[in-house]
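# Structure assessment
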Amino acid sequence: EHGGLSDLGRELIARMNRLGVIVDVSQVTAKVVMEVTEISTAPVIASHSGVKAIVDSPRNLTDEEMIAIKDTGGLVGIVAFSSYLKKSDPERRPALLKIEETYGSSTLADVMADRPDQVGQFQADMAAHEERFPRANVGHLVNSIDYAVQLIGIDHVAISSDMEHGGGVTGWMNAGEAFGVTEELVRRGYSEADIAQLWWGNFARVWRAVEAAAGG
């Protein structure tokens, strides 16, 4: 409607800066990303995005956008979400929609709550779906992390989870498998200090910087 930020949107960014609220551009247009990074007086983040050079998804960031975020002192969170990390088979989504139509959802928790008698068949159908359309794995996640680190530096990249405190990628489906991400980073040559930055340190730095920039 506004071709980018509206006047109210610009006022909102200024007020967020004054109040010490982190500005997150993960789910806005490319034009808004660039406008926000131009006007924000505090670091900006993309909390859960991917690399457009790897997968051309509307939710992924171009090199220009990532550099603009870095230039604010912010960071890009590379999210463990399969379709942002690996190009999808065009038949995958229609097949998943068919499962959703059959069971009312593609989420196990929903089926357990609403159709407990169908849980077994749902799990079998989802397993067959996953075998037919393999999702991204931890290696794909670290490929995108590698790209971002090489482009904008280790200080401006973070690991981001999604569903079930994991991300729906093979090797990190839930919080209990998070160590697999660390193992893959070690295998790629990241140091203990690097890994600490990616998991938490960089976000903590941005959080402190946003609070320090607040003007009340």
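Higher on the page you've got the structure.
Summary of the structure given here. Here the residue index of a chain counts from 1 through its sequence in written order. The model is predicted, so local features are restricted to residues of pLDDT at least 70 and side-chain atom pairs to those at 80 or more, both for listing and for counting; the totals for chains, interfaces and linings are taken over all residues. In computing side-chain properties, one takes all heavy atoms of the structure into account and sets aside hydrogens as well as water.

Okay, the overall build of the chain next. Numbering of helices and strands runs from the N terminus, with a helix taken as a DSSP run of H or I at least four residues long and a strand as a DSSP run of E at least two residues long. Of regular secondary structure, the chain possesses ten helices and five strands. Along the first, second and third principal axes, the C-alpha atoms of the chain reach 55 × 45 × 30 Å. Here the chain, with 216 residues, has 44% of them falling under the buried criterion. We call two residues contacting when some pair of their heavy atoms lies within 4.5 Å. Of the contacts made within the chain by residues no fewer than 6 positions apart, 67% connect residues no fewer than 24 positions apart. As displayed, the chain offers around 11400 Å² of accessible surface, 53% of which is attributable to carbon and sulfur atoms. Any residue under 20% of the maximum accessible area for its type is buried, any over 50% is exposed, and the rest in between are partly exposed; the area is computed with a 1.4 Å probe on protein chains only. Per-residue and other accessible areas follow the Shrake-Rupley method at a 1.4 Å probe size, with only the shown protein chains counted as cover for residues.

Looking at the largest pocket, its volume works out to about 950 Å³. Lining the largest pocket are 31 residues; nearest its centre among them are R92, M126, E130, R135 and M163. With seven residues, the top contributor of residues to the lining of the largest pocket is helix α7 (residues 119–132). Charged means Asp, Glu, Lys or Arg here, nonpolar means Ala, Val, Leu, Ile, Met, Phe, Trp, Tyr, Cys or Pro, and polar covers whatever is left, Gly included. Residue composition of the lining of the largest pocket, by class: twelve nonpolar, nine polar and ten charged. Among the secondary structure elements, those contributing two or more residues to the lining of the second largest pocket are β2 (44–51), β4 (75–79), β5 (157–160) and α10 (192–213). Examining the composition of the lining of the second largest pocket, we find that four residues originate from one element, α10, more than from any other. Both site types are read off a 1 Å grid over the protein atoms alone. A 1.4 Å probe that fits but cannot get out defines a cavity, while an open set with protein on both sides within 12 Å along at least five of seven lines defines a pocket; lining residues have an atom within 4 Å of a point. Grid points are joined across faces, edges and corners, and a volume is the space filled by probe spheres set on the points.

The next point concerns the side chain of E65. Here E65 is to be found in helix α3 (residues 63–71). Charge counting treats Lys and Arg as positive and Asp and Glu as negative, with His and both chain ends excluded. The salt bridge criterion pairs a side-chain nitrogen of Lys or Arg with a carboxyl oxygen of Asp or Glu, the two atoms within 4 Å. At 6.3 Å, K52 is the nearest oppositely charged side chain to E65, a buried residue that forms no salt bridge. Beyond its immediate sequence surroundings of up to four residues, E65 is in contact with A30, V33, M34 and N60.

In an α-helix, one turn spans 3.6 residues; hence positions three or four apart end up facing the same way. In this scheme, a helix's expected span is set at 1.5 Å multiplied by one less than its residue total. Taking 1.5 Å as the rise per residue, helix α1 (residues 7–19) with 13 residues should run 18 Å; its terminal C-alpha atoms sit 19 Å apart, in good agreement. Considered for burial, the residues of α1 that qualify are G9, I13, M16 and N17. One face of α1 carries all of its buried residues, which in axial projection span an arc of 100 degrees. Exposed positions of α1 whose direction lies more than 90 degrees from the buried face are D7, L8, E11, R15 and L19. In the segment just after α1, G20 is the residue with positive phi, at about 80 degrees. The arc under discussion is defined with respect to the helix axis, by the directions toward the C-beta atoms.

Let's shift gears to the packing of α1 against helix α2 (residues 30–39). Each axis is a line fitted through C-alpha atoms, and for a helix only the stretch in contact is used; angles between axes span 0 to 180 degrees, taken between their N-to-C directions. For the pair α1 and α2, the least separation of the axes is 10 Å and the interaxial angle reads 45 degrees. If you check the angle between α1 and α2, you find them oblique. Of the two possible hands of crossing, α1 and α2 adopt the one that is right-handed. Contacts from R10, I13 and N17 of α1 reach α2 at E35, V36 and I39. Across the contact of α1 with α2, the residue classes tally to three nonpolar, one polar and two charged. By the definition adopted for this analysis, an angle is roughly parallel if under 35 degrees, roughly antiparallel if over 145, roughly perpendicular if from 65 to 115, and oblique otherwise. The hand of a helix crossing depends on one turn: near helix anticlockwise from the far one by less than a right angle means left-handed, and clockwise means right-handed.

We call Phe, Tyr and Trp rings a pair once their centres come within 6.5 Å, taking the six-membered ring for Trp, and we label the pair stacked below 30 degrees between planes, edge-to-face above 60, and tilted otherwise. Inspection of the entire model under this criterion finds six aromatic pairs. Considering the side-chain rings of F81 and Y84, the 4.7 Å spacing of their centres and the 55 degrees angle between planes classify their relative orientation as tilted. Of the residues examined, Y84 reaches a relative accessible area of 13% and is grouped as buried. Plain terms: the ring middles of W200 and F203 are 5.8 Å apart, the flat faces sit at 45 degrees to each other, and that makes the pair tilted. Taken as a pair, W200 and F203 lie in helix α10 at a separation of three residues, close to a single helical turn. Residue classification places F203 among the partly exposed positions, given a relative accessible area of 25%. Taken together, the ring pairs connect W200, F203 and W207 into an aromatic cluster.

This brings us to the pattern of salt bridges. This structure, assessed with the given rule, holds ten salt bridges. Here K52 makes a salt bridge to D56, at a shortest N to O gap of 3.0 Å. The partner of R92 in a salt bridge is E130, with the nearest N and O atoms 4.0 Å apart. Taken together, the residues R92 in helix α5 (residues 92–103) and E130 in helix α7 connect sequence positions 38 residues apart. Beyond isolated ion pairs, a larger network of salt bridges with shared partners links D146, E184, R187 and R188.

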